[in-house]
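Coordinate inspection notes
The residues making up each chain are set out below.
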Amino acid sequence: MTGTDQQTDATPSGGASRLATWHQDVFRAVERWPWLAKVTEDVSAVVDPIYDRHRGNIAVELMHGGRWAGHSLHAALSDLPIGFWAGSVVLDALGKDVPGRGARGRLDPAGTLSAAGLAAAAGTIATGVTDWSVSDGEDRRVGLFHGMLNVAGTALQAASLAARVSGHRRPAQALGVASMAVTAAAGYVGGHLVQGRAVMVNRVATTTGPNRWARTIEDSELADGASAGVVVDGRQVMLHRDGDELYAIDDLCSHAGALLSRGPVSDCVVACPLHESQFDLRDGHIVRGPAHHPQPVLPARVRNGWIEVRGSMPKGRRERTTT
């Protein structure tokens, strides 16, 4: 256990500390629920084989967002049902949920928003399941809990709409508020996944350097067609030789941080060993998702029998001005 882990697991002594860390305690408890681990295993046993069978399908990559969107579609789509259902609750609170004159048999304004949110929820859930399929470990357990809350919120909203259509306004309003409360809790868990656990973020967004040519390994250590993972000034770099060409890219996969140097390379395309995202070694562009962000490429050269790489160019000296 690291010092950081020890500090995280320690119980705060002061009231202010407890107020600042209650959410950490909650999510640690969620991650340890035995029933959630069991459900995660059962759901994974069903979903994973289906995803693995169709991961190369263009429709599946589009559901991730993939190389075209630059980020997951799930986060953007989730705003739609939340917005529609929040509007329905507001209309209920303002008493604007009654159909206008001559609108007998039709949905009232609040019901229309509720139905629109349910339609949007279908796409949100589908993209969420697709993204969940490429999560691992504790992220997968917390992600499933997030999904279960969203399904519960959607079910409550469907019940609210059914009650509204059948003329039971008060139960419909109560169910609508309950749906929003559960959906808000699901959104909080989703925020923890992205901002607290860095799920679906670009793992190499801030990698820089070295700002000079730096030695990695001897040229003779990298055979034709071989790859190697090296650390240069704290930056993890993948090297690959293809004939007379030498390539260097960030070794950490931008999608989930796996080491690309452990994946297979074919025709200058490396496949991530974790979720099988594919990147072109020549320019780092995404050949196949679920990755959303390309891999940064580093210049590489052979000098004095050593392979050298660098990141950003060193800043040039300012030209002297003459008077």
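See the structure printed just above.
Nothing here was measured: the structure is a model prediction, and the numbers come from that model.

**Thoughts on the nonpolar core**
If you look at the biggest cluster of nonpolar residues, it comprises 17 residues, and the most contacted ones within it are Leu36, Phe145, Leu149 and Val189. Ranked by the residues each element gives to this core, the list is headed by helix H9 (residues 137–165), at four residues.

**So, the packing of aromatic side chains**
Counting across every chain of the model gives four aromatic pairs. Ring centres of Phe27 and Tyr188 lie 6.0 Å apart, and the angle between their planes is 15°; this geometry places the pair in the stacked category. One end of the pair, Phe27, is in helix H2 (residues 15–32); the other, Tyr188, is in helix H10 (residues 169–196), with 161 residues separating them in the sequence. A relative accessible area of 5% places Phe27 in the buried class. Between the NZ or CZ atom of Arg140 and the centre of the ring of Trp132, over which it lies, the distance is 4.3 Å.

**Here we look at the layout of surface pockets**
Space inside the largest pocket adds up to approximately 880 Å³. Lining the largest pocket are 36 residues, with His74, Gly128, Gly143, His146 and Asn150 sitting closest to its centre. The set of elements that each furnish at least two residues to the lining of the largest pocket consists of helix H3 (34–54), helix H6 (73–77), helix H7 (79–93), helix H8 (109–132), H9 and H10. The greatest single-element share of the lining of the largest pocket, amounting to nine residues, is contributed by H9. Of the residues assigned to the lining of the largest pocket, the class counts are 18 nonpolar, 16 polar and two charged.

**Things to note about the sheet that holds strand E8 (residues 286–288)**
The strand order across the open sheet built from four strands is E5-E6-E7-E8, with neighbouring strands paired in antiparallel fashion. Strand pairing shows two members of the sheet lacking a second neighbour, strand E5 (265–266) and E8, which therefore form its edges. In this sheet, strand E6 (residues 269–271) lies alongside E5 in antiparallel orientation, the contact comprising two bridges. If you follow Ser266 over to E6, its bridge partner there is Val269.

**Describing the side chain of Gln157**
Take Gln157: it is sitting in helix H9. A polar side-chain atom of Gln157 sits 2.8 Å from a polar atom in the side chain of Ser179. Every residue in contact with Gln157, bar those within four places of it in the chain, is listed here: Trp85, Ser114, Leu118, Gly176 and Ser179.

**Quick notes on the pattern of salt bridges**
A full pass over the atoms with the stated rule returns 17 salt bridges. Measuring nitrogen to oxygen at the nearest pair gives 3.6 Å for the salt bridge that ties Arg55 to Glu276. Placement of the pair is Arg55 in the loop between H3 and helix H4 (58–64) and Glu276 in the loop between E6 and strand E7 (278–280), with a sequence separation of 221 residues. Classification of Arg55 as buried rests on a relative accessible area of 14%. For Glu276, a relative accessible area of 35% translates into the label partly exposed. Measuring nitrogen to oxygen at the nearest pair gives 3.0 Å for the salt bridge that ties Arg164 to Asp92. Separated by 72 residues along the polypeptide, Arg164 in helix H9 and Asp92 in helix H7 bring together distant segments of the chain. Of the two residues, Arg164 and Asp92, both sit in the buried class. Among the charged side chains, a network of salt bridges with common partners joins Glu31, Glu138, Asp139 and Arg197.

**Section: the side chain of Glu31**
Within the element layout of this structure, Glu31 appears in helix H2. By relative accessible area, Glu31 is classed as buried at 12%.

**Considering a nonpolar patch on the surface**
There is a patch of nonpolar side chains on the surface, built from Trp22, Val26 and Tyr188 and spanning about 290 Å² of accessible area. In this structure Val26 comes out as partly exposed when scored by relative accessible area, which is 38%.

**Overview of the packing of H3 against H8**
Two elements in contact, H3 and H8, have axes whose closest approach is 10 Å; the angle formed by their N-to-C orientations is 95°. It follows that H3 is roughly perpendicular to H8 by the angle criterion. Across from Thr40, Val43, Ser44, Val47 and Tyr51 in H3, the residues of H8 making contact are Val129, Thr130 and Trp132. For the contact of H3 with H8, the class distribution of residues is five nonpolar, three polar and no charged.

**Digging into unusual backbone geometry**
Across the junction of Gly209 and Pro210, the peptide omega takes the value -5°, indicating a cis bond. As for its placement among the helices and strands, Pro210 is situated in the loop between H10 and strand E1 (214–218). Here the bond from Gly289 into Pro290 is cis, since omega is 20°, no more than 30 degrees from zero. Mapping Pro290 onto the fold places it in the loop between E8 and strand E9 (300–303). Despite not being glycine, Ala198 has its phi angle at roughly 60°, a positive value. Looking at the element boundaries, Ala198 is found in the loop between H10 and E1. You can call Ala198 partly exposed: its relative accessible area is 27%. One non-glycine residue with positive phi stands out, namely Met200, at about 65°. Topologically, Met200 is positioned in the loop between H10 and E1.

Cut-off values and rules
Residues numbered from 1 in each chain as written. Predicted model: local features only at pLDDT ≥ 70, side-chain atom pairs only at ≥ 80, totals over all residues. Heavy atoms only, no water. Core = buried A, V, L, I, M, F, W, Y, C linked by side-chain atoms within 4.5 Å. Buried < 20%, exposed > 50% of the residue type's maximum accessible area, 1.4 Å probe, protein only. Helix = DSSP H or I, 4+ residues; strand = E, 2+ residues; numbered from the N terminus. Phe/Tyr/Trp six-rings, centres within 6.5 Å; stacked < 30°, edge-to-face > 60°. Lys NZ or Arg CZ within 6 Å of the ring centre and 35° of its normal. 1 Å grid on protein atoms, 1.4 Å probe; cavity = no way out; pocket = protein on both sides within 12 Å on 5 of 7 lines; lining within 4 Å. Points joined across faces, edges and corners; volume = space filled by probe spheres on them. Nonpolar A, V, L, I, M, F, W, Y, C, P; charged D, E, K, R; others polar. Pairing = 2+ DSSP bridges. Polar contact = N/O pair within 3.5 Å; in protein donor to acceptor, adjacent residues only side chain to side chain. Contact = heavy atoms within 4.5 Å. Salt bridge = Lys/Arg side-chain N within 4 Å of Asp/Glu carboxyl O. Patch = residues over 30% accessible without salt bridge, like charges linked within 9 Å, V, L, I, M, F, W, Y side chains within 5 Å. Areas by Shrake-Rupley, 256 points an atom, 1.4 Å probe, with all protein chains shown as cover. Axes fitted to C-alpha atoms, helices over the stretch in contact; angles between N-to-C directions. Parallel < 35°, antiparallel > 145°, perpendicular 65-115°, else oblique.

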